[in-house]
Amino acid sequence: MSTNKLFGTNGIRGTVNKELTPQMAIKIATAIGTFFGKETNLLIGYDARTSGPLFARAVTAGLTATGCNVYNAAMAPTPALQYAVKNHKMHGGIIISASHNPPEYNGIKVIWNDGIEISHQQETIIEQIYFQDTATLAEWNKLGKTRELPSVNDEYVEAIKKHVNTAKIAQKSFHVVVDAANSVAGLTTPHLLRDLGCKVTSINANIDGTFPGRLPEPRPENLAELSQTVKAVGADLGVAFDGDADRSIFVGEDGEIYWGDKTFALIAKRFLEKNPRSKIVTPVSSSTLIKDTADAYKGEIVWTKVGSVTVSHKMKETDAELGGEENGGVFYGPHQAVRDGAMTTALILEIMADTGKKLSELIAEQPQYYIEKGKVECPENKKARVLEKLAEQMKRANISTIDGVKIWFEDKSALLVRPSGTEPVYRLYAEAKNPDKALKLIRDYGLKLEKIIETI
Ligand code: MG
């Protein structure tokens, strides 16, 4: 963490007792409490990490010291806590989670009264209070109170059921394998699925903050066990969550792991069929598949920078009801404008029930794209100018410079060039109708970038 920054792209995160200590957590909480103000009501909850209760207690101490009342929801998925902030009309909330990071990490996310993470401007205010040491502590007789709020997981499951046709899904008696990553998805998803008439087989279901089953990021390399289990038990569907259960990745009845852009496109298609001419909010890193879906069903894409908080805020700003990311984050506005793994699972089951098709069949109907990745080394001090030059050279093409440079070509291939935030490199992502073309884009634009870097 740098000297005047606490927040990264998704809240404050670090390794436990090294980058993020309980002492820091108390001080951060007094800054957050000062930001919300005395006598405000704030919800707190945590995921399954071993350090969750510890940080929740430290943050609670800091918040009540500044005069905020704290409602303890204990262990719950991030989207369940976000829903509870809105549902219980809290002034805000704090989520202790490091999402998909390994078990030695933890983090602190701050939620506004609408259930969405606070904006970067609001984060800056909290950082100023923290670094300038200007938190205001309450008098001894004005300390905040603490209460338990144990009902949030049940309320969350009930809320999701209101947004799908439960009877129709139940008729199909789907068999679903759930991989909860030994974390909080196990507290809600199996219950939701049983309420939807599904037979549930669970793996990595026991809560264990050391994450013994698999790493908590639902990437294909971590999901071999889920894929094998789906096939072995003859299930209709498999679903894997990340550590705080806001992202979900699906496995078809054939054992195939489908990346998030494919399932997001299924949800976008169905949403546009029901709500023609709607907006779909998605980062420029998303697949052309989403653009194809919007084009085919007369939707309008609103492109954003990469990052889930940006998608949520853009949805609110543009009154959009659907958002999504390729990594398995779907934002279903009628429920809440945040990533929500269990809501996404219910929507996928509803599509399968409605169409009578298997997941593999639904995905086979989509246009097929091939993806290639590459990187080009570039000194940090040249990074900004390289992008300007590239954008200048591509002026006549269909491009977006919202985040890096994204180029859409006429043959439906696309290329995204983004500077890495952590290494002195540019990352290239190409997508095309055939693998050779994707590879050619990486090669051609890699050379183009190297040339630009030489000249500046
Ligand atoms: Mg997450």
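Residues numbered from 1 in each chain as written. Predicted model: local features only at pLDDT ≥ 70, side-chain atom pairs only at ≥ 80, totals over all residues. Heavy atoms only, no water.

**Digging into the overall build of the protein chain**
For the protein chain, the helix and strand inventory stands at 15 helices and 20 strands. By the compact-globule yardstick of 23 Å for 456 residues, the protein chain fits well, its C-alpha radius of gyration being 22 Å. In terms of principal-axis extent, the alpha carbons of the protein chain reach across some 70 × 60 × 40 Å. Going through the 456 residues of the protein chain one by one, you find that 57% of them count as buried. Nonlocal contacts in the protein chain, meaning residues at least 24 apart in sequence, comprise 70% of its contacts between residues at least 6 apart. Of the roughly 19,100 Å² of accessible surface on the protein chain, 49% is carried by carbon and sulfur atoms. The centroid of the 55 positive side-chain charges in the protein chain is displaced by 3 Å from the centroid of its 56 negative side-chain charges. (Helix = DSSP H or I, 4+ residues; strand = E, 2+ residues; numbered from the N terminus. Rg over C-alpha atoms; globule rule 2.2 N^0.38 Å. Buried < 20%, exposed > 50% of the residue type's maximum accessible area, 1.4 Å probe, protein only. Contact = heavy atoms within 4.5 Å. Areas by Shrake-Rupley, 256 points an atom, 1.4 Å probe, with all protein chains shown as cover. Lys, Arg positive; Asp, Glu negative; His and termini not counted. Charge placed at Lys NZ, Arg CZ, Asp CG, Glu CD.)

**A look at the layout of surface pockets**
A probe as big as a water molecule, rolled over the atoms, marks out the empty space that is left. Taken as a whole, the second largest pocket holds about 270 Å³ of empty space. Lining the second largest pocket are 17 residues; nearest its centre among them are Asp-261, Lys-262, Gln-368, Tyr-369 and Ile-371. Residues of the lining of the second largest pocket, tallied by class, amount to 10 nonpolar, 3 polar and 4 charged. Domain assignment of the residues forming the lining of the second largest pocket places at least three in each of domain 3 (260-339 + 354-364) and domain 4 (370-455). (1 Å grid on protein atoms, 1.4 Å probe; cavity = no way out; pocket = protein on both sides within 12 Å on 5 of 7 lines; lining within 4 Å. Points joined across faces, edges and corners; volume = space filled by probe spheres on them. Nonpolar A, V, L, I, M, F, W, Y, C, P; charged D, E, K, R; others polar. Domains from an automatic or database assignment.)

**A look at helix H3 (residues 78-87)**
Across the 10 residues that make up H3, a large majority, 8, are buried. In this structure, the buried side of H3 is in contact with strand S2 (41-46), strand S3 (69-75), strand S4 (92-96), strand S5 (105-112), helix H5 (152-161) and helix H12 (341-355). Once H3 finishes, Lys-89 follows within two positions and takes phi at roughly 50°, a positive value.

**Observations concerning the side chain of Asp-47**
One can find Asp-47 in the loop between S2 and helix H2 (52-65). With relative accessibility at 1%, the residue Asp-47 sits in the buried group. Only 3.0 Å separates the side chain of Asp-47 from the backbone nitrogen of Arg-49, close enough to count as a polar contact. Within the local environment of Asp-47, its side chain forms a polar contact with the side chain of Ser-97, the two groups lying 2.8 Å apart. Ignoring anything within four residues of it in the chain, the contact list for Asp-47 reads Met-75, Ala-76, Ile-96, Ser-97, Ala-98, Ser-99, Ser-183, Val-184, Gly-243 and Asp-244. (Polar contact = N/O pair within 3.5 Å; in protein donor to acceptor, adjacent residues only side chain to side chain.)

**Some thoughts on empty space enclosed by the protein**
One pass over the full model with this rule turns up 1 cavity of 30 Å³ or more. Taken together, 13 residues form the lining of the largest cavity, with Gln-82, Glu-117, Ser-308, Val-338 and Arg-339 sitting closest to its centre. Contributing elements (two or more residues each) for the lining of the largest cavity: H3 and helix H11 (308-318). When residues of the lining of the largest cavity are assigned to their parent elements, the largest contribution, 3 residues, is made by H11. By residue class, the composition of the lining of the largest cavity is 4 nonpolar, 5 polar and 4 charged. Split by domain, the residues of the lining of the largest cavity number at least three in each of domain 1 (12-150) and domain 3 (260-339 + 354-364).

**Quick notes on the pairing of strand S8 (residues 199-203)**
Taken together, the 5 bridges between strand S7 (residues 175-179) and S8 define a ladder with parallel strand orientation. Across the sheet, Asp-179 pairs through a bridge with Ile-203, a residue of S8. Once the chain exits S7 it traverses helix H7 (residues 189-195) before rejoining the sheet at S8, and the crossover so formed is right-handed. (Pairing = 2+ DSSP bridges. Right-handed = clockwise from strand over helix to strand, strands pointing away.)

**Concerning the side chain of Glu-431**
Relative to the helices and strands, Glu-431 is located in strand S20 (residues 425-432). Put simply, Glu-431 is tucked away with no salt bridge, and the nearest opposite charge, on Lys-406, sits 5.0 Å away. A distance of 2.7 Å separates the side chain of Glu-431 from the side chain of Thr-288, its partner in a polar contact. Discounting chain neighbours no more than four positions away, the residues touching Glu-431 are Ser-287, Thr-288, Tyr-369, Tyr-370, Ile-371, Ser-413, Ala-414 and Leu-441. (Salt bridge = Lys/Arg side-chain N within 4 Å of Asp/Glu carboxyl O.)

**A word on the packing of aromatic side chains**
Note on aromatic pairs: each is described by the distance of the centres and the angle between the planes. The full count for this structure, using the stated rule, is 7 aromatic pairs. Pairing Tyr-130 with Phe-131 gives two aromatic rings, centres 4.9 Å apart and planes at 80°, and the pair type is edge-to-face. On the basis of relative accessible area, Tyr-130 is assigned to the buried category, the value being 9%. Grouped by ring-pair contacts, the aromatic residues Phe-35, Phe-36 and Trp-112 constitute a single cluster. Stacked on the ring of Tyr-130, the Lys or Arg Lys-27 has its end atom at 4.5 Å from the ring centre. A cation sits over an aromatic face here: Lys-437 above Phe-409, 5.7 Å from the ring centre. (Phe/Tyr/Trp six-rings, centres within 6.5 Å; stacked < 30°, edge-to-face > 60°. Lys NZ or Arg CZ within 6 Å of the ring centre and 35° of its normal.)

**A word on the sheet that holds S7**
In spatial order, the strands read S8-S7-S9-S10-S11; together these 5 strands make up an open sheet with mixed pairing. Only two strands of the sheet have a single neighbouring strand rather than two, namely S8 and strand S11 (257-258). One ladder, built from 4 bridges, connects strand S9 (residues 237-241) with strand S10 (residues 248-251); its direction is antiparallel. When the sheet's bridge partners are listed, Gly-238 is paired in S10 with Val-251. The strands that H12 touches are S7, S9 and S10; relative to S9, the one it contacts most, it runs at about 165°. (Axes fitted to C-alpha atoms, helices over the stretch in contact; angles between N-to-C directions.)

**Focus on the coordination of the magnesium ion**
Around the magnesium ion, the protein contributes the donor atoms Ser-99 (OG), Asp-242 (OD), Asp-244 (OD) and Asp-246 (OD), at 2.0 to 2.2 Å from the metal centre. Expressed as a motif, the donor residue spacing for the magnesium ion is S-x142-D-x1-D-x1-D. Taking the relative accessible area as the measure of exposure, Asp-242 reaches 0% and is therefore buried. Accessibility expressed as a relative area gives 0% for Asp-244, which makes it buried. (Donors = N, O, S within 2.8 Å, 3.2 Å for Na, K, Ca; no water.)

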